[in-house]
Structure formats: C-alpha cells, structure tokens
Amino acid sequence: QFGLAALIGMGLVTAVLIWIYGASSQAQMLEHESRANADLTALFANAVWWRHRGFVESSHGLTAEALRNHPGLSALDEEVRRKMGGLKVAKVKIYRVDGMTVFSTDMLQVGEDKSSNEGFRTALDGRVVSQVTFRERFDAFEGLINNRSLISSYVPVKTSDGRIGGVVEVYSDVTELLQAQQAALWRIVGSVLGCLAALYVFLFAVVRKADRVIEAQTRDREMRETAARHQANHDMLTGLPNRAYFCERLDEALAQAR
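Here is what the cut-offs are and how they apply
- Counting restarts for each chain: residues are numbered from 1 in the order of the written sequence.
- Note on the predicted model: pLDDT of at least 70 is required for a residue's local features to be given, and 80 or more for side-chain atom pairs to be given and counted; whole-chain, interface and lining totals, by contrast, use all residues.
- Water and hydrogen atoms play no part in the side-chain values, which are based on all heavy atoms of the structure.
- The helix count covers DSSP runs of H or I at least four residues long, the strand count covers runs of E at least two residues long, and both are numbered beginning at the N terminus.
- Relative accessibility under 20% of the residue-type maximum defines a buried residue, over 50% an exposed one, and the middle range a partly exposed one, all with a 1.4 Å probe and only protein chains included.
- Using a 1.4 Å probe, accessible areas were evaluated by the Shrake-Rupley method; residue-level cover was limited to the displayed protein chains.
- In this count, Lys and Arg are taken as positive residues and Asp and Glu as negative ones, while His and the chain termini are left out.
- Every charge is mapped onto a representative atom, which is NZ of Lys, CZ of Arg, CG of Asp or CD of Glu.
- Within this document, salt bridges are pairs made up of a side-chain nitrogen of Lys or Arg and a carboxyl oxygen of Asp or Glu, the two lying within 4 Å of each other.
- Helix span is expected to be 1.5 Å times the residue number reduced by one.
- Any pair of nitrogen or oxygen atoms within 3.5 Å is treated as a polar contact; in protein, a donor-acceptor pairing is required on top of that, and neighbouring residues in sequence qualify only through side-chain atoms on both sides.

## Some details on the overall build of the chain
Alright, step 1. A count of helical and extended segments in the chain gives six helices and five strands.
Alright, step 2. Listing each helix as α and each strand as β along the chain from the N terminus yields α-α-α-β-β-α-β-β-β-α-α.
Alright, step 3. For the C-alpha atoms alone, the extent of the chain along its principal axes is close to 125 × 40 × 35 Å.
Alright, step 4. Here the chain holds 258 residues, and 32% of them are scored as buried.
Alright, step 5. Accessible surface, the chain as shown: approximately 16100 Å² in total, 59% of it carbon and sulfur.
Alright, step 6. The average position of the 30 basic charges and that of the 30 acidic charges among the side chains of the chain differ by 3 Å.

If you want it as structure tokens, here you go:
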C-alpha cells in the first residue's frame, strides 16, 4: 500500500511539475520572441518608413486596384523583400492611420480595412503589441505555408511632429522554435521520469526489505508466545499437561456444564 501510494503521489507531483515548467518555459520563450519581433518590426519601420511615407500619405482616396498598380507599391515591395531576405519573417504589412492596408507582401490584402483589428487599434494608441497565432494556411514570402506558428507585432510609426503616421505589422515564423522547445521539454520529462523511477525502485526495495523484517519479527514473536504458553501449561520434564492446564480446562468444563 505504501509503495502504491508513493507511486501515485510521485506521478501526480511529476505531472504538476511538468505542466508548470512547460507553461512557464513556453510563456517566457514567447515573451522573448515577441520582444525580439517587436524590435525587428521597429527597426524595419525606422529603416523603410521615411523613404516611402510619401506613398503612404498619397494613398488616401485610392481604390484597392489603384493601390496595387501604384508605382510606389512595387518600389516598397522590392525594398521590403531585400531587407527581410534570409530572416524568419513570413509577411510584412503597413496600415494607414484609418486602418487601410496600403502595403502587404500578399498583394491580395492591399486595400483591406483593418480599422477594427485589436492589434492595430492598440498600436494606434502608441503601444507595441504582439500576439501568437497558429495558421493552418498562410501566404508568406515564399508562398503558401501550412501548419505554422506565427508571432505578429504591431508597431506604431511616428511622424516628425510626434503624431502616429501609420502602423507596421511583421509576422515571424516561430514554428521550429516551438518544436525545439517542445522537444527539450520531452527530454526533461524523460529525465525526470527516469530519476523518479529509480527513486521508486529504491523506495520499493526498502519497503519490501522492511516488510520482510517485520514478518520475520512477527513470526518470531508468535513462536515465543506459543512456547511461553506451552511452558506455562506443561511439565518441563515429561511434557505432560500440568496443574495450571488442568485447572484451566476444569474451569471451562464447569462453565460449560453450568
């Protein structure tokens, strides 16, 4: 019973510790990647925005089709792809302050209204915000990708007078990072389970040894008690029942007769 209780207890403690560690490590990793992606987005915005802000500011009143055919869009797209090449960046989008998507590496999204998007509205208030999403299908730089974990960061871009002139959004692919973190977690789980299994085997061996000792002591005590009772009721020389035994049996017989 003690061994079974110890096994159940260690199993519960292990499950709780693994869950806490997994949640904590993943949260810390995602927080780190969110900050890194936000810094990357801010760096990109600072490097690109000032050369192409004229295109963004002049896009007011243009239709989605006119935006896609605007010469400034192709120039911006070329520079974005050049600067983001070789990075884990999956998509870049630029929004006007009214929520209109004036640029996206996915041209089909140019002209979309994102004014109600929570991340965009948070960035419009002057704050950087990141969020993690899982996409079964996603249009990235290299084309359509499937089953990917992405971090998107919304970074406000300010004009020279301190006003918010637009919002830049960058998607980064963190699928491999999450998979590596998950693999590391399982390695830790295996190590912990191995150590606990060794500890349980040791405890089980100790308990079984103690159980055998207790059983031997119990048998020895019972044998001594039996010998003591026999010596009390029998003659040590002949081994025949003595007066005490006779009186005990007589009392039983009288009680039964009454």
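## Describing the pattern of salt bridges
Alright, step 1. One pass over the full model with this rule turns up nine salt bridges.
Alright, step 2. A salt bridge links Glu-65 to Arg-68; its shortest N-O distance comes to 3.6 Å. On the criterion of helical spacing, the pair formed by Glu-65 and Arg-68 is a turn pair, its members being three residues apart in helix H2 (residues 64-68).
Alright, step 3. Looking at Glu-65, the relative accessible area reads 47%, which means it is partly exposed.

## Concerning helix H6 (residues 243-257)
Alright, step 1. Along its 15 residues, H6 runs 20 Å from first to last C-alpha, staying within 8% of the 21 Å computed at 1.5 Å per residue.
Alright, step 2. For H6, the N-terminal cap is Asn-242; the gap from its side-chain oxygen to the backbone nitrogen of Ala-244 is 3.2 Å.

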